[in-house]
Amino acid sequence: MVDVKRLAAEILGVGVSRIKISPEAQDKIEDVVTKDDVRSLIDQGLIWAEPEKGVSRGRWRVRHQKKKAGRRRGPGSRKGKRTDEGEVWKNKVRAMRRFLNTLKRRGKLDPKTWRQLYAMVKGNYFRDLGHLKTYINEHRLTKEPVR
């Protein structure tokens, strides 16, 4: 039996584990001696090779659907360096405060207006430095427009 499977595997060019033998062929297998005998059983359909097993895409499909819906995007799934939200906030606020202090030092902003804008920066009123400059220019808080 084992020898017949080995011969069939050689003939069909597959592994021994993929060779299947029909239960009706049991009595004929005892008479098998040569590769030609095995070939004739293959031709009769009493010995065959099972198809190769593939890798299922089912799990991938489920995961893909979840990702499309916005799931599975937590910190454990992320790769690479990301800037901390706190760092972004600090850099933004420091730039705006530096700008306000420069304006105050040059005498372009009076202390009351400076304090008001400083509080607005702290309260996250401005998106970025450009937004702060636009606000100052639109509300004419300085004598000449700031750049």
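Scoring rules and cut-offs
- Residues numbered from 1 in each chain as written.
- Predicted model: local features only at pLDDT ≥ 70, side-chain atom pairs only at ≥ 80, totals over all residues.
- Heavy atoms only, no water.
- UniProt positions renumbered as here; feature names shortened; annotations may be inferred.
- Buried < 20%, exposed > 50% of the residue type's maximum accessible area, 1.4 Å probe, protein only.
- pLDDT = per-residue confidence, 0-100.
- Helix = DSSP H or I, 4+ residues; strand = E, 2+ residues; numbered from the N terminus.

Per an unreviewed UniProt entry, the protein is named Large ribosomal subunit protein eL19, and its organism is Pyrobaculum arsenaticum. Under the Sequence similarities (unreviewed entry) heading, UniProt states for the protein: "Belongs to the eukaryotic ribosomal protein eL19 family." Of the protein, the UniProt comment under Function (unreviewed entry) reads exactly: "Binds to the 23S rRNA."

Asks: Can you tell me about unusual backbone geometry, naming the residues and giving the values?
Replies: The phi dihedral of N124 is positive, around 65 degrees, even though this residue is not glycine. Judged by its relative accessible area of 41%, N124 is partly exposed. We note that R140 has phi near 50 degrees; this positive angle belongs to a residue other than glycine.

Asks: Account for the confidence of the model for the protein, naming residues and giving values.
Replies: In low-pLDDT regions, the fine details of the predicted coordinates are not to be read closely. In this model, the protein carries a mean pLDDT of 93, and residues with pLDDT of at least 70 account for 99%. Taken element by element, the predicted model of the protein shows its lowest mean pLDDT in helix α2 (residues 26-29) (87) and its highest in helix α4 (residues 58-68) (97).

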